[in-house]
Amino acid sequence: MSQGFPKVKIVDSDGVEIDVASESTLKSIAGFNIPEFDEIIATYPNATTEVYTYKKSSVTVGTITVVFTTSSKDTLSSVTKT
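Since this is a predicted model, take the numbers as computed values, not measurements. Sequence order as written defines residue numbering, which begins from 1 separately in each chain. Local features are withheld for residues below a pLDDT of 70 in this predicted model, meaning they are given only at 70 or higher, and side-chain atom pairs are given and counted only at 80 or more; totals for whole chains, interfaces and linings count all residues. Calculation of side-chain values draws on the structure's entire complement of heavy atoms; hydrogens and water are dropped beforehand.

A. Just the pattern of salt bridges, in detail. The rule for a salt bridge is simple: a side-chain nitrogen of Lys or Arg has to be within 4 Å of a carboxyl oxygen of Asp or Glu. Using the criterion set out here, one finds two salt bridges in the structure. The salt bridge partner of E36 is K56, with a shortest N-O separation of 3.0 Å. In this pair, E36 is assigned in the loop between α1 (23-29) and β3 (39-46) and K56 in strand β4 (residues 49-56), connecting sequence segments 20 residues apart. For E50, the salt bridge goes to K73, with nearest N and O atoms at 2.9 Å. With a gap of 23 residues between them, E50 in strand β4 and K73 in the loop between β5 (59-68) and β6 (76-81) connect regions that are remote in the sequence. To qualify as a helix, a DSSP run of H or I must reach at least 4 residues; to qualify as a strand, a run of E must reach at least 2; elements of each kind are numbered from the N terminus.

B. Structural context of the nonpolar core. We define the nonpolar core as a collection of buried residues of types Ala, Val, Leu, Ile, Met, Phe, Trp, Tyr and Cys that are connected through side-chain atoms lying within 4.5 Å of one another. In this scheme, a residue with accessible area under 20% of its type's maximum is buried, one over 50% is exposed, and one in between is partly exposed, where area comes from a 1.4 Å probe on protein chains only. I34, F37, I40, Y54, I64, V66 and F68 together form the largest nonpolar core, which totals seven residues. Sorting elements by how many residues they give to this core places β5 first, with three residues. By the convention used here, residues are in contact when the closest approach between their heavy atoms is within 4.5 Å. Once residues within four sequence positions are removed from consideration, F68 is found in contact with T48, E50, K73, T75, L76 and S77.

C. How the structure looks around the side chain of T63. Turning to its location among the elements, T63 is positioned in strand β5. With a relative accessible area of 15%, T63 lands in the buried category. Setting aside chain neighbours within four positions, we find T63 in contact with V51, Y52, T53, T80, K81 and T82.

D. Geometry of unusual backbone geometry. We note that S57 has phi near 50°; this positive angle belongs to a residue other than glycine. When you line up the elements, S57 lands in the loop between β4 and β5. Given the relative accessible area of 54%, S57 is considered exposed. Backbone geometry at S58 places phi at a positive 70°, although glycine is not the residue there. As for its position among the elements, S58 is in the loop between β4 and β5.

E. Layout of the packing of aromatic side chains. Pairs were defined over the aromatic rings of Phe, Tyr and Trp, the Trp ring being its six-membered one, requiring ring centres within 6.5 Å. Orientation was assigned from the angle between planes: stacked under 30 degrees, edge-to-face over 60, tilted for the rest. Using the criterion set out here, one finds one aromatic pair in the structure. Measuring from centroid to centroid gives 5.0 Å for F37 and Y54, while their planes differ by 75°, and the two rings are edge-to-face. One end of the pair, F37, is in the loop between α1 and β3; the other, Y54, is in strand β4, and 17 residues separate them in sequence.

Shown next, in the form of structure tokens:
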């Protein structure tokens, strides 16, 4: 039996739940070595940046920032983990 991934709730900056998490999405997160989490909060501080904050019991355990070259988000500029 595979270990699987935790069920997560993804919300936007207004607290509205976003249903985009799939098993393949969660597997791709594994390469960033994000510790166990039970919530992902997506924020969009400007037209070219997306910030995904991973939390466990309301405590931030990791953050991934995705930056695109333009607001059309066709070309990725960088991805950083903090």
